[in-house]
Amino acid sequence: MASATIRVIKKRVKDCEKLRTRASILAANVTEVGKEEKIKANCCRRSNHVSKHLPCYNFLLNSSRKGNFPVDLWKRSCTSFTAISGGRINQSGTLHTQAEAVAASTSREVDEVADIDWDGLGFGLQQTDYMYLMKCRKDGEFYEGELQPFGTVELSPSAGVLNYGQGLFEGLKAYRTTDGRIILFRPEENALRMEIGAERLCMPAPSVEQFVNAVKQTVLANKRWIPPSSKGSLYIRVLLMGSGPVLGLGPAPEVTFLVFVSPVGNYFK
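Please read all numbers here as calculations on a predicted model, not as lab measurements.

Can you walk me through the environment of Gln217 in this structure?
Tracing the backbone shows Gln217 in helix α8 (residues 208-221). C-alpha separation for the pair Gln217 and Met131, spaced 86 residues apart in sequence, amounts to 9.1 Å.

Right under this line is the structure:
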């Protein structure tokens, strides 16, 4: 096995162990009234995530050290794709009502393939049709998000993200297979990583379900921009930022979650 692959596995083991330690510290230091149940639930979710992945990575690492690397297992662990096909989400059988309404009102536009030079795609911004926007205020809960035409976002000059850099992003991709299906690569992993980053920046984060649902809605609303198989992918940029006004050093009173997409070419051609 290539040394680069061993380094990847070692990093994942280390990350999982850090996550387990972090969850234990949080569980042992719950002092703020009213947040105990929420933090416990968060710790439980993270512990389940660690329990699910750490044994697999340890097994892969130990096998690689012995020179007996299970190639098939590695392939399975790296190809956990979530499929989206026919304009509907496979896992639930239906698409979110709002996304269906958008798709229905723009059926001709969505069903067509964008008229661009797929062979000439690089890694740059190509404006697409829709973005997804969701906000969270002081109560810590995200309101129901919505698809909007791609465009500008209004921010106060005193927004936390502009003054104190209170923001983070995730990046993932949607692919079109040779048989026309649309697939995502483990979006729940990006959602969990966003939760960890948001906690460090004193921001609430959407749940894994909210994150994945928002990504799927945005991809399906912009599916005409997904390159044909082997021509590239639809890059998905997910933002979480302190959008509320703040002057003193502290968390912004409002947080915005935003998803937009752009078709990109292959890095290696």
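The structure having been displayed, the exposition proceeds.
Sorry, what's going on with the environment of Pro204 here?
Within the secondary structure, Pro204 sits in the loop between α7 (187-200) and α8. Residue Pro204 is classed as partly exposed on the basis of its relative accessible area of 22%. Considered as a pair, Pro204 and Met194 are 10 residues apart in the sequence and their alpha carbons are 9.9 Å apart.

It is not clear to me how unusual backbone geometry should be interpreted in this structure. Could you clarify?
Note: most residues except glycine have negative phi, and most peptide bonds are trans. Residues other than glycine seldom take positive phi values, yet Cys202 does so here, at roughly 60°. The topology assignment puts Cys202 in the loop between α7 and α8. Phi at Ser230 takes a positive value of approximately 75°, unusual for a residue other than glycine. Structurally, the position occupied by Ser230 is in the loop between α8 and β7 (233-242).

Explanation requested: the pairing of β7 in the structure shown.
It is a general feature of regular strands that their side chains alternate between the two faces of the sheet. Most of β7 sits out of view: eight of its 10 residues are buried. In this structure, strand β5 (residues 167-176) lies alongside β7, joined through eight bridges in antiparallel fashion. Across the sheet, residue Ala174 finds its bridge partner in β7, namely Leu234. Pairing geometry for β7 and strand β8 (residues 255-264), over 10 bridges, is antiparallel. Note that in β8 the partner of Ser233 across the bridge is Val264.

Which parts of the structure should I look at to understand the pairing of strand β6 (residues 182-185)?
With three bridges connecting them, β5 and β6 associate as antiparallel partners. Bridge pairing in β6 places Ala174 opposite Leu184. In this structure, the hairpin formed by β5 and β6 is closed by a connection of five residues, where Gly180 is found at a positive phi of approximately 90°.

Help me understand the environment of Asn222 in this model?
The topology assignment puts Asn222 in the loop between α8 and β7. Only 2.8 Å separates the side chain of Asn222 from the backbone oxygen of Thr218, close enough to count as a polar contact.

How should I be thinking about the packing of aromatic side chains in this particular structure?
The relative placement of two aromatic rings is captured by the distance of their centres and the angle of their planes. For the structure shown, the criterion picks out four aromatic pairs. Relative to Tyr235, the ring of Phe123 has its centre 5.2 Å away and its plane inclined at 75°; by these criteria the two rings are edge-to-face. A residue pair is termed long-range when its members are at least 10 positions apart, and Phe123 in the loop between α5 (107-111) and β3 (130-136) and Tyr235 in strand β7 qualify at 112 residues. Judged by relative accessible area, Phe123 falls into the partly exposed class, the value being 46%. In this structure Tyr235 comes out as buried when scored by relative accessible area, which is 13%. Ring geometry for Phe150 against Phe260: centres 6.1 Å apart, planes inclined by 65°, an arrangement best described as edge-to-face. Of this pair, Phe150 sits in the loop between β4 (146-149) and α6 (160-163) while Phe260 sits in strand β8; the two residues are 110 residues apart in sequence, bridging distant segments of the chain. An aromatic cluster is built from Tyr132, Phe211 and Phe257, whose rings are joined through pairwise contacts.

Mind showing me how you'd approach the nonpolar core here?
Most often, soluble globular proteins keep nonpolar side chains buried together rather than apart. In terms of nonpolar packing, the biggest core is built from 37 residues, with Phe211, Val215, Val219, Ile236, Val238, Leu240 and Phe257 touching the most fellow members. For this core, the secondary structure elements donating two or more residues are β3, β5, β6, α7, α8, β7 and β8. Looking at this core element by element, the count peaks at eight residues for α8. Setting aside anything within four residues of it in sequence, one finds Phe257 in contact with Tyr132, Leu133, Met134, Phe142, Met194, Pro206, Phe211, Ala214, Val238, Leu239 and Leu240.

Explain α7 here, please?
Structural remark: α-helix, 3.6 residues per turn; residues separated by three or four positions point the same way. For α7, spanning 14 residues, the distance from its first C-alpha to its last is 21 Å, which sits close to the expected 20 Å at 1.5 Å a residue. Residues Pro187, Glu189, Asn190, Ala191, Leu192, Met194, Glu195, Gly197 and Ala198 constitute the buried set of α7. The positive-phi residue at the C-terminal boundary of α7 is Cys202, with phi of around 60°.

About the criteria used
- Residues numbered from 1 in each chain as written.
- Predicted model: local features only at pLDDT ≥ 70, side-chain atom pairs only at ≥ 80, totals over all residues.
- Heavy atoms only, no water.
- Helix = DSSP H or I, 4+ residues; strand = E, 2+ residues; numbered from the N terminus.
- Buried < 20%, exposed > 50% of the residue type's maximum accessible area, 1.4 Å probe, protein only.
- Pairing = 2+ DSSP bridges.
- Polar contact = N/O pair within 3.5 Å; in protein donor to acceptor, adjacent residues only side chain to side chain.
- Phe/Tyr/Trp six-rings, centres within 6.5 Å; stacked < 30°, edge-to-face > 60°.
- Core = buried A, V, L, I, M, F, W, Y, C linked by side-chain atoms within 4.5 Å.
- Contact = heavy atoms within 4.5 Å.
- Expected span 1.5 Å × (residues − 1).

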